[in-house]
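Coordinate analysis (summary)
In case you want the letters, here they are:
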Amino acid sequence: MSRKRFFSLTLTSLFIATMTITDVSLASSSANKGELVIYSSRKEHLIKPLFDQYTKETGVKISYVTDAEGPLIARMQAEGKTTPADMFITVDAGNLWQAQQKGLLQPVQSETLSKNIPEHLRDPNNNWFGLSVRARTMVYATDRVKPESLSTYEDLASSKWDGRLCLRTAKKVYNQSLVGTLIARLGQDKTETIVKGWVNNLAAPVFSNDTLALQAVEAGQCDVTVVNTYYFGRLLKEKPNLKLKLFWANQKTSGTHVNISGAGITKHAKHKAEAIAFLEWLSKPEAQQIFANANMEYPANQSVKPSKLVASWGEFKHDQLNVEAAGRLQGDAIKLMDRAGYH
């Protein structure tokens, strides 16, 4: 037996051996009619209310496994045709694109989904669909920055922001997707110049998460940052008198960068019809309201209004570029950020 074959068998054995009792029961119960198995990188408290409501309305039981997207994708690859998963739910189009590229999802033809989910928030070949929208934009210190001095992501590279910018690490998919979108819009050379400008303007080393970047602005360590809006919402709930405010980027050009949380039907789904029915239900107003409110995100279904807190931030122009670009250009974005010294 070759060494490569030996290690492959060993890794597979280890994977199977480390399945929890709950996971084993998922595999054995997934053949039952009227039950769905879902792998989700979204935290339990954000998805369980949806599962419970759907079970209440339809009688369909939903079993689920939650983990980070990387391990879940690797797990589906290892399980192959034997996977119990009928649906994969995750955040960021880049992660959904990766699952699609690895052959883990299948296309779905649905008039309901085509009607409820805008074209730029779903895969061009219908392998996955956005279920909520997250905007990534600027937050600034209201006592040190005049809103008229802000404009675009590109402008954050200008010298007026020297020593005034804080950013989250480039290792997070959210920033990779933002840079991927800039590449799609502006090309490699212009985008690299912009990212180098960001790095030159940093007031501090990059932060591990958006909340820390927001807290740095609040503390006066820097004056402006770029975050997903729900992180701002969470901090605002904790501190209602927060002297920070959102600014909608690129309103006179391409629009504010948006991404999604979304889902796709797995290639080897044992309950394809039931999974499609659930995905369609998730795109409808009742579920959209639950989905968006749970994490202060925007509904993907544009007929549904956001929560009162989210609505209070005002309306803004979305970038209409298909979010698929975030995945397709993810590799280019990672290389570009590395060359620019953004880590």
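Residues numbered from 1 in each chain as written. Predicted model: local features only at pLDDT ≥ 70, side-chain atom pairs only at ≥ 80, totals over all residues. Heavy atoms only, no water.

Turning to the packing of helix H7 (residues 173-186) against helix H8 (residues 188-201), a few remarks are in order. Each pair of packed helices can be summarised by the angle the axes make with each other and by the distance between the axes. Where H7 contacts H8, the two axes come as close as 7 Å, and the packing angle between them is 140 degrees. With respect to each other, H7 and H8 are oriented oblique. Seen from above, H7 lies across H8 with right-handed handedness. Seen from H7, the contacting residues are Leu 178, Val 179, Leu 182, Ile 183 and Leu 186; seen from H8, they are Gln 188, Lys 190, Thr 191, Ile 194, Val 195 and Trp 198. (Axes fitted to C-alpha atoms, helices over the stretch in contact; angles between N-to-C directions. Helix = DSSP H or I, 4+ residues; strand = E, 2+ residues; numbered from the N terminus. Parallel < 35°, antiparallel > 145°, perpendicular 65-115°, else oblique. Left-handed = near helix turned anticlockwise from the far one by under 90°. Contact = heavy atoms within 4.5 Å.)

Turning our eyes to something else, we now look at the nonpolar core. Membership of the largest hydrophobic core comes to 51 residues, with the highest contact counts inside it found for Tyr 39, Phe 88, Leu 214, Phe 232, Leu 244 and Trp 313. Sorting elements by how many residues they give to this core places helix H10 (residues 229-238) first, with five residues. Setting aside its immediate chain neighbours within four residues, Phe 88 contacts Tyr 39, Glu 69, Leu 72, Ile 73, Met 76, Leu 96, Ala 99, Leu 105, Gly 262, Ala 263, Gly 264 and Thr 266. Within the second largest apolar cluster, 28 residues are counted, among which are Leu 150, Leu 167, Leu 178 and Ala 333. (Core = buried A, V, L, I, M, F, W, Y, C linked by side-chain atoms within 4.5 Å. Buried < 20%, exposed > 50% of the residue type's maximum accessible area, 1.4 Å probe, protein only.)

Once that is clear, we can look at the side chain of Thr 90. Within the secondary structure, Thr 90 sits in strand E3 (residues 87-91). Within the structure, Thr 90 has its side chain in polar contact with the side chain of Ser 41 (distance 2.6 Å). (Polar contact = N/O pair within 3.5 Å; in protein donor to acceptor, adjacent residues only side chain to side chain.)

The next thing to look at is the pairing of strand E7 (residues 224-228). For E7, the buried fraction is high: five of the five residues fall into the buried class. Pairing analysis gives five bridges linking strand E5 (residues 129-141) to E7, with the strands arranged antiparallel. Looking across to E7, one finds that Arg 136 is bridged to Asn 228. In this structure, strand E6 (residues 165-166) lies alongside E7, joined through two bridges in parallel fashion. Bridge pairing in E7 places Leu 165 opposite Val 224. (Pairing = 2+ DSSP bridges.)

Attention now moves to helix H4 (residues 69-79). What H4 keeps buried is the set Glu 69, Leu 72, Ile 73, Arg 75, Met 76 and Glu 79. Looking straight down H4, one finds that the buried residues subtend no more than 160 degrees of arc, so they occupy a single side. Backbone geometry just downstream of H4 places Gly 80 in the positive-phi region, at approximately 55 degrees. (Arc of directions from axis to C-beta.)

Another aspect to go through is empty space enclosed by the protein. Counting across every chain of the model gives three cavities of 30 Å³ or more. Put simply, the largest cavity is a space of about 70 Å³. Around the largest cavity sit Thr 181, His 257, Val 258, Asn 259, Asp 319, Leu 321, Asn 322, Val 323, Ala 325 and Ala 326, which together line it. Secondary-structure elements contributing two or more residues to the lining of the largest cavity are strand E9 (257-266) and helix H14 (324-328). Looking at the lining of the largest cavity residue by residue, the class counts come to five nonpolar, four polar and one charged. Here the second largest cavity defines a volume of roughly 50 Å³. Considering every element that reaches the lining of the second largest cavity, the biggest residue donor is H7, with three residues. A class-by-class count of the residues in the lining of the second largest cavity yields eight nonpolar, one polar and no charged. (1 Å grid on protein atoms, 1.4 Å probe; cavity = no way out; pocket = protein on both sides within 12 Å on 5 of 7 lines; lining within 4 Å. Points joined across faces, edges and corners; volume = space filled by probe spheres on them. Nonpolar A, V, L, I, M, F, W, Y, C, P; charged D, E, K, R; others polar.)

Think of a pair of aromatic rings as described by two things: how far the centres are apart, and how the planes are tilted against each other in angle. Counting across every chain of the model gives 10 aromatic pairs. Within the aromatic cluster, the residues linked to one another by ring pairs are Phe 51, Tyr 54, Tyr 64, Phe 278 and Trp 281. For Lys 172, the ring lying beneath its charged end belongs to Tyr 174, and the centroid distance is 4.7 Å. A cation sits over an aromatic face here: Arg 234 above Tyr 231, 5.0 Å from the ring centre. (Phe/Tyr/Trp six-rings, centres within 6.5 Å; stacked < 30°, edge-to-face > 60°. Lys NZ or Arg CZ within 6 Å of the ring centre and 35° of its normal.)

Below, the discussion takes up the environment of Ala 326. Assignment of secondary structure puts Ala 326 in helix H14. Along the backbone, Ala 326 and Val 258 are 68 residues apart, and their C-alpha atoms lie at a distance of 10.0 Å. With residues up to four places along the chain from it excluded, the contact list for Ala 326 reads Ala 93, Gly 94, Ser 177 and Asn 259.

Turning our eyes to something else, we now look at the environment of Val 139. Mapped onto the elements, Val 139 comes out in strand E5. Since its relative accessible area comes to 0%, Val 139 is described here as buried. Taking the C-alpha atoms as reference points, Val 139 and Leu 186, 47 residues apart in sequence, are found 23 Å from one another. Once residues lying within four places of it in the same chain are set aside, the contact partners of Val 139 are Leu 214, Asp 223, Val 224, Thr 225, Val 227, Phe 232, Leu 244, Lys 245 and Leu 246.

Glancing now at the pattern of salt bridges. The tally for this structure, following the rule as stated, stands at 15 salt bridges. The partner of Lys 48 in a salt bridge is Asp 52, with the nearest N and O atoms 2.9 Å apart. In this pair, Lys 48 and Asp 52 are both assigned in helix H3 (residues 44-58), four residues apart and thus about one turn of the helix distant. Take Lys 48: its relative accessible area is 33%, and that puts it in the partly exposed class. A residue is classified by how much of its surface remains accessible, and Asp 52, at 40% relative accessible area, is partly exposed. (Salt bridge = Lys/Arg side-chain N within 4 Å of Asp/Glu carboxyl O.)

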